[in-house]
Amino acid sequence: MAYLALYRVWRPQKFTEVVGQEQTVTALHNSVKEDRLTHAYLFCGPRGTGKTSIAKILAKAVNCDNIIDGEPCNECNSCQDINNGNFMDVIEIDAASNRGIDEIRDLREKVRIMPAQGKKKVYIIDEVHMLTTEAFNALLKTLEEPPESVIFVLATTEAHKIPSTIISRCQKYNFHRLTLPQIVARLKEVSNRNGIDIDDEALDLISRRANGGMRDALGMLDQLCSYKDGSLSKTDVLDVLGLVDDLFVARLIDRVIAEDLVSTVSMLSSALNQGKEAGQLARQTALYLRDLLLYKLAGQEAELTVAGEQSQELIKQQALKADKNQILHSLRLIMDTAEKLRFSEGQKYLLEISLLEMASIFASKQNQNEHDNISRKEFSKPRIKGESDDSSAKSERNDAREILWNRLLLGVKEKKIPTHALLSQGKLLGVKGDTIFIGFRKGYRFHKERMEEKSNREIVEAVIREIFKREIEAQFIFLEDNQYNDIIVKKAIEYFGEDIVEVKE
Ligand SMILES: Nc1ncnc2c1ncn2[C@@H]1O[C@H](COP(=O)(O)OP(=O)(O)OP(=O)(O)O)[C@@H](O)[C@H]1O
Ligand SMILES: [Mg+2]
Ligand SMILES: [Zn+2]
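Residues numbered from 1 in each chain as written. Chains lettered and ligands numbered in written order. Predicted model: local features only at pLDDT ≥ 70, side-chain atom pairs only at ≥ 80, totals over all residues. Heavy atoms only, no water.

Quick look at the overall build of the protein
Logical step 1: Per the secondary structure count, the protein includes 23 helices and 8 strands.
Logical step 2: Counting contacts in the protein only where the partners sit at least 6 residues apart, residues at least 24 apart contribute 73% of the total.
Logical step 3: Of the roughly 24900 Å² of accessible surface on the protein, a fraction of 47% belongs to carbon and sulfur atoms. (Helix = DSSP H or I, 4+ residues; strand = E, 2+ residues; numbered from the N terminus. Contact = heavy atoms within 4.5 Å. Areas by Shrake-Rupley, 256 points an atom, 1.4 Å probe, with all protein chains shown as cover.)

Structure representation (structure tokens):
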């Protein structure tokens with residue numbers, strides 16, 4: 001099939017052809033009908049949602065020779081020339097590629113010359129937030145004394161970068177991401193009209209991936225058509241976009257939350273062996289976690305980006321198991337990894353590590369709750385005179401150790417969440433002299449070894465320095481015993497004698 005450039009062919013040509021943006025469309029359409037157009041508009045909103053398209057409809061509407069009910073005819077010379085980009089009085093400036101002041105200076109000189117071809121000159125300035133301060137000032141001068149026969153349409157994806165002096169001189173319209181049903185419906189229409197045979201699941205997947213941008217949705221459909229003739233399915237979309245099935249990601253996260261490290265690692269390597277890219281996988285995982293977070297917060301109402309029909313049951317269960325902060329931390333972690341993978345694709349271990357770290361974030365739920373409570377306790381507990389018999393001295397020591405450990409975890413968490421995730425799988429054995437001893441049980445070799453790395457060790461030592469106000473070295477110890485919790489105190493005593501905790505402030 002020949003390359004279609006669907007998004008160009010399918011640019012809405014009239015107000016009534018625009019999908020969504022109802023308020024903007026109605027307001028502008030009415031202004032045309034009632035001849036109440038103003039001289040400057042500011043269109044703000046995400047990429048590919050119709051800003052340039054509506055600017056062009058507006059440009060046609062003011063120049064059309066036989067306007068019908070406020071709509072351009074798309075047949076007269078003016079309309080056709082504007083559609084083909086050959087109309088002298090519609091001037092498009094892309095501020096992103098012509099950042100300089102020259103364009104605007106040029107504009108200031110020419111703006112007062114009467115329209116050459118049509119009734120009104122229309123300046124469409126795209127990505128207007130990219131203009132330099134000088135260019136903004138020049139534009140402002142023009143907006144302050146706008147010539148009669150000129151309309152400005154300024155478009156931007158980053159409204160907050162536009163000076164308020166400019167905004168106050170424009171009529172502002174906010175463009176919104178298109179909804180999933182709006183995109184699906186449009187893609188269906190486009191497919192039908194172009195004889196593209198594509199099933200609903202595939203359309204659903206593309207529409208979710210477009211994240212509210214119609215241009216991207218049409219672009220993906222295009223890509224798919226040039227990839228393969230005949231009927232198109234979800235598998236084709238996955239192949240073309242290099243994606244794994246959303247159900248796969250849902251299952252992967254399921255294993256992560258269950259702290260099933262073996263399955264996590266083996267699922268990951270099977271995906272990579274099938275030729276999926278680590279970076280893409282990390283990005284999909286990030287999107288899935290975002291979905292999970294939304295689901296956690298909004299339930300069925302949430303509009304999910306990657307989790308489709310099949311994943312609904314899993315995501316529902318996961319939202320019950322995981323808490324908000326854990327999801328959020330995991331999301332940050334995987335986004336960080338996705339970013340790193342952009343520069344070092346092929347490092348599959350990077351992704352593996354971050355999934356394993358994530359597992360410990362989910363596993364640390366209990367720890368988290370514990371030290372949230374304990375951090376409220378005072379660090380140095382008042383000692384009641386005469387009360388310190390043997391057992392109470394021991395339990396006080398354990399209390400002190402627990403408090404110290406929680407304070408340490410908290411401090412590390414503030415500095416670096418992944419380090420906290422690793423450390424929280426350990427246990428404080430004690431402080432003796434200038435050394436703090438932290439133990440890891442057998443299954444946590446990975447955590448122990450990561451903690452021994454310079455960057456992680458330094459974080460721990462920095463927090464300890466803050467607590468003790470002196471230099472203390474961290475030692476990570478391997479505990480061979482599986483019955484970790486019961487034996488931990490015994491082990492510690494074995495290593496360091498009775499007086500293992502030496503907490504001073
Ligand atoms: N609201 C919409 N209704 C129908 N099609 C749309 C809509 N928005 C975008 N499209 C499709 O996407 C293409 C690009 O849209 P347009 O150029 O208007 O986006 P934009 O908002 O100006 O994006 P950018 O910020 O990247 O300049 C259009 O040609 C059309 O195919
Ligand atoms: Mg545009
Ligand atoms: Zn016309």
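Regarding the environment of proline 115
Logical step 1: Considering the arrangement of structural elements, one finds proline 115 in the loop between helix H5 (101-110) and strand S3 (121-126).
Logical step 2: Here the alpha-carbon distance between proline 115 and valine 150, two residues 35 residues apart in the chain, equals 8.3 Å.
Logical step 3: With near-sequence residues (within four places) excluded, proline 115 lies in contact with Asp89, Lys120, Lys121 and Ser149.

As for the pattern of salt bridges
Logical step 1: One pass over the full model with this rule turns up 23 salt bridges.
Logical step 2: In this structure, arginine 255 engages aspartate 260 in a salt bridge whose closest nitrogen and oxygen atoms are separated by 2.9 Å.
Logical step 3: Of the charged contacts, one joins arginine 457 and glutamate 461 as a salt bridge, the two residues approaching to 3.9 Å between their closest N and O atoms. Of this pair, arginine 457 and glutamate 461 are both found in helix H22 (residues 454-468), 4 residues apart, which corresponds to roughly one turn of the helix.
Logical step 4: A relative accessible area of 15% places glutamate 461 in the buried class.
Logical step 5: Connected via shared salt-bridge partners are Lys234, Asp245 and Asp246. (Salt bridge = Lys/Arg side-chain N within 4 Å of Asp/Glu carboxyl O. Buried < 20%, exposed > 50% of the residue type's maximum accessible area, 1.4 Å probe, protein only.)

Some points on helix H21 (residues 445-452)
Logical step 1: Along H21, the residues that are buried comprise His447, Lys448, Arg450 and Met451. Buried residues along H21 cover an arc of 165° about the axis, so they all sit on one side.
Logical step 2: At its buried positions, H21 is contacted by helix H17 (348-363), helix H20 (417-423), strand S7 (435-441), H22 and strand S8 (473-479). (Arc of directions from axis to C-beta.)

Things to note about the side chain of threonine 142
Logical step 1: If you trace the backbone, threonine 142 turns up in helix H6 (residues 133-144).
Logical step 2: Only 3.1 Å separates the side chain of threonine 142 from the backbone oxygen of alanine 138, close enough to count as a polar contact. (Polar contact = N/O pair within 3.5 Å; in protein donor to acceptor, adjacent residues only side chain to side chain.)

Describing a negative patch on the surface
Logical step 1: A grouping of Asp197, Asp199, Glu201 and Glu309 is seen on the molecular surface, where their side chains present a negatively charged patch.
Logical step 2: Within the secondary structure layout, glutamate 309 lies in the loop between helix H14 (278-298) and helix H15 (312-321).
Logical step 3: Relative accessible area serves as the criterion here: at 68%, glutamate 309 is assigned to the exposed category. (Patch = residues over 30% accessible without salt bridge, like charges linked within 9 Å, V, L, I, M, F, W, Y side chains within 5 Å. Lys, Arg positive; Asp, Glu negative; His and termini not counted. Charge placed at Lys NZ, Arg CZ, Asp CG, Glu CD.)

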